[in-house]
Amino acid sequence: VDSADKEMDNPTFRSDTVLSDVHLHCPSKRHLMVRLNAVGQPVFLSYFKLLWSTEDLASGKHVREVTTGREHQCRSGDELCDKDRSNIEKEGELNSEGVEALLDDDGDLEVVRRPRSASDLQAEDLLRDIVCPVILMKGKEDAFEDEEQECTCSDVVKIEHTMATPLEDVGKQVWRAAFLLADYILFKRDTFRCCSVLELGGGTGITSIIMGTVAKRVYCTDVGEDLLTMCEQNVALNKHLMEPGGGEIKVKELDWLKDEFCTDPEAPYSWSEEEIADLLDHCSVIMAADVFYDDDLTDALFRTLYRITHNLRNSCTVYLALEKRLNFTLRHMDVTCEAYSHFRNTLNDLENLQDGKMKYTVEPIKLDFCQSLVYERIEQL
């Protein structure tokens, strides 16, 4: 605990530190620091709000579209459980104008403070939860009991993640393109219902979890035992979201730099021969979110994509979501987006491929579908 306290009180950012800003825009009551992972990084538990519940998914209820500033958001009439609604009324987290009401005219965050004259008893009703890390001991299964009692509704996704990592560990963070792809899955849920799905570079697993609410089976893949353990924990934390539809998520290792599936029975998250056969026989959807940030990895992913689709029994649709990140480079002395440019060039190569066996057609998806998760949908997505 002492070392964890020190990590929080004295955060350090090296030149190679990469920070996702998703958590900065998340109206989570608080981020729970649950442990330090195997490499000493603080792991947090955050709640991400679904603007309508998975009960609506199962019942097929229609949702209405509400415009809030820059964003389109889907909300059902009974989007909030009674406890959440009362909390919002007390805490002022949202008002009739939506999520952006948390900011004042200058763009500063408004904080609801307890009146000084309030008694401790009254304060329990008036005080907004303190936004600070709560450190839990690793291995205590009852550590989440209080939180689970607070979040009994089926409109919250619970995700363990880190907040700042070196480039090689960015899969442990939560990124906006994962939310964008999750939005599209919820918007087109009938398209994915009962499908068999493969996610490449699943990271924390949030997109696979949303897909698991409608699909029959999802193979969520990435590389690295520490990351895959976190992903598997997230799947377990959100099993209540998948139960109504009977969806199943399997967390597996898939290294784009290798030509074969890992089938070593001694290796964690390896594939059985039956699972490989099931994937190749039934997979009709492949997806990947925010995995195009390194040219070598982009090349490796497209090689993997070609190899897998070449071996599938049926035709397949691949959904790719990413954020176009602008950077100033000394080489160009201008703002460029080299990772995105390389992605587009590689995508064009795939579409123009003529090998007599496979044909790929690329179509852009308009981002006019409604928003179902609370995050900032920026124009670079």
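Residues numbered from 1 in each chain as written. Predicted model: local features only at pLDDT ≥ 70, side-chain atom pairs only at ≥ 80, totals over all residues. Heavy atoms only, no water.

Naming follows an unreviewed UniProt entry, where the protein chain appears as Methyltransferase-like protein 22 of Leucopsar rothschildi. Comment text from UniProt for the protein chain, heading Sequence similarities (unreviewed entry), reads "Belongs to the methyltransferase superfamily. METTL22 family." (UniProt positions renumbered as here; feature names shortened; annotations may be inferred.)

I'm lost on the sheet that holds strand β8 (residues 196-199) in this one. Help?
Pairing between the strands of a sheet comes from backbone hydrogen bonds, and it takes one of two forms, parallel or antiparallel. Read across the sheet, five strands follow the order β10-β9-β8-β11-β12 without closing on themselves; strand pairing throughout is parallel. Edge positions in the sheet fall to β10 (248-253) and β12 (317-321), since each has one partner strand and no second. Ignoring which end each strand starts from, the neighbouring axes of this sheet average 20° apart. Bridge analysis of strand β9 (residues 217-222) against β10 gives six bridges, and the strand direction is parallel. In the sheet register, Asp222 faces β10, and the bridge partner there is Glu253. Sitting on the sheet, helix α6 (residues 176-187) touches β11 (283-289) and β12, and the angle it makes with β11 is about 145°. Where helix α9 (residues 225-237) meets the sheet, its contacts fall on β9 and β10, and the angle it forms with β10 comes to roughly 175°. (Pairing = 2+ DSSP bridges. Helix = DSSP H or I, 4+ residues; strand = E, 2+ residues; numbered from the N terminus. Axes fitted to C-alpha atoms, helices over the stretch in contact; angles between N-to-C directions. Contact = heavy atoms within 4.5 Å.)

Honestly, the nonpolar core in this entry has me stumped. Any pointers?
Soluble, globular proteins show a tendency: their nonpolar side chains are buried together. Formed by 47 residues in total, the largest nonpolar core has its most connected members in Val157, Phe179, Ile185, Phe192, Val197, Ile209 and Met211. Tallying contributions element by element places α6 first for this core, with nine residues. With residues up to four places along the chain from it excluded, the contact list for Phe179 reads Val22, Phe48, Val174, Ile206, Leu373 and Tyr375. (Core = buried A, V, L, I, M, F, W, Y, C linked by side-chain atoms within 4.5 Å. Buried < 20%, exposed > 50% of the residue type's maximum accessible area, 1.4 Å probe, protein only.)

Teacher, can you tell me more about the pattern of salt bridges here?
Applying the stated criterion across every chain yields a total of 15 salt bridges. The residue Asp226 makes a salt bridge to Lys172 at a minimum N-O spacing of 2.9 Å. Here Asp226 is found in helix α9, whereas its partner Lys172 is found in the loop between β7 (164-166) and α6, with 54 residues between them in sequence. Classification of Asp226 as partly exposed rests on a relative accessible area of 23%. The shortest N-O distance in the salt bridge between Asp190 and Arg193 comes to 2.9 Å. Relative accessible area serves as the criterion here: at 60%, Asp190 is assigned to the exposed category. (Salt bridge = Lys/Arg side-chain N within 4 Å of Asp/Glu carboxyl O.)

Would you mind showing me how to read the side chain of Thr221 here?
One can find Thr221 in strand β9. Relative accessible area serves as the criterion here: at 0%, Thr221 is assigned to the buried category. Setting aside residues no more than four positions away along its own chain, Thr221 makes contact with Leu198, Glu199, Leu200, Gly201, Gly202, Lys252, Leu254 and Trp271.

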